[in-house]
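The chain contents come next:
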Amino acid sequence: MKYLTEMTFPVELTFEVLPAMLVEGTELPALLDITRILLTIKGPSGKPRQVDITKTLTEEQVMLLEDEIMENYDENPAF
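The rules behind the values
What you see as residue numbers is a count from 1 along each chain, following the sequence as written. Under the rules for a predicted model, residues below a pLDDT of 70 receive no local features and side-chain atom pairs below 80 are neither given nor counted, while totals for whole chains, interfaces and linings still include all residues. As a rule here, side-chain values cover all heavy atoms of the structure and leave hydrogens and water aside. In this scheme, patches are assembled from residues that exceed 30% relative accessible area and form no salt bridge. Like charges are connected within 9 Å, while nonpolar side chains (Val, Leu, Ile, Met, Phe, Trp, Tyr) are connected within 5 Å. Per-residue and other accessible areas were derived by the Shrake-Rupley procedure at a 1.4 Å probe size, with only the shown protein chains allowed to occlude residues. Each salt bridge in this description consists of a side-chain nitrogen of Lys or Arg and a carboxyl oxygen of Asp or Glu lying within 4 Å of one another. Each helix corresponds to a stretch of at least 4 residues labelled H or I by DSSP, and each strand to a stretch of at least 2 residues labelled E; elements are numbered beginning at the N terminus. Throughout, the protein atoms alone are placed on a 1 Å grid, and a set of points is a cavity if a 1.4 Å probe fits but cannot get out or a pocket if it is open with protein on both sides within 12 Å along at least five of seven lines; lining residues have an atom within 4 Å of a point. Grid points are joined across faces, edges and corners, and a volume is the space filled by probe spheres set on the points. Residues are grouped as follows: Ala, Val, Leu, Ile, Met, Phe, Trp, Tyr, Cys and Pro are nonpolar; Asp, Glu, Lys and Arg are charged; every other residue, Gly included, is polar. Think of it this way: DSSP has to see at least two bridges between two strands before they count as a pair. Think of each axis as a best-fit line through the C-alpha atoms, taken over the contacting stretch in the case of a helix, with angles from 0 to 180 degrees between the N-to-C directions.

Enquirer: What is the right way to look at a nonpolar patch on the surface in this model?
Expert: Nonpolar side chains collect at one region of the surface, where M21, V23 and L28 lie side by side and expose about 240 Å² of accessible area between them. Mapped onto the elements, M21 comes out in strand β2 (residues 21-23).

Enquirer: Would you explain the layout of surface pockets in this entry?
Expert: Here the idea is plain: a probe the size of a water molecule rolls over the atoms and shows the empty space left. Reported here for the largest pocket is a volume of approximately 320 Å³. Of all elements in the fold, only β4 (31-42) and α1 (59-75) reach the threshold of two or more residues within the lining of the largest pocket. Partitioned by chemical class, the residues of the lining of the largest pocket number eight nonpolar, three polar and no charged.

Enquirer: Help me understand the sheet that holds strand β5 (residues 48-52) in this model?
Expert: By definition, the strands of a sheet pair up through backbone hydrogen bonds, in either a parallel or an antiparallel sense. Taken in spatial order, the three strands make up an open sheet running β1-β4-β5, and their pairing is antiparallel. With partners counted over all chains shown, the strands left at the sheet margins are β1 (11-18) and β5, one partner each. Recorded for the sheet is a direction-independent mean angle of 25 degrees between the axes of neighbouring strands. Relative to β5, β4 runs antiparallel, the two sharing five bridges. Following the sheet pairing, K42 is matched in β5 by P48.

Everything listed here is a matter of coordinates, which is why it stays silent on function.
What follows is the structure, given as structure tokens:
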């Protein structure tokens, strides 16, 4: 038997904010680039392990996360 459901887990995101730049007279806005997404799980011994899940997300999922972070970053740059 199989059962499909959705679950929510806390993850640790590492990202870089690339500054706005001028290219051929056109100003491009600052960009956010997620470099790593870590999920912490307990291993068989009970010790926490971090698993990099960055490559398991679709480009659309990553872009949604980047947009969410950028909104929060704009409101609180010390974030």
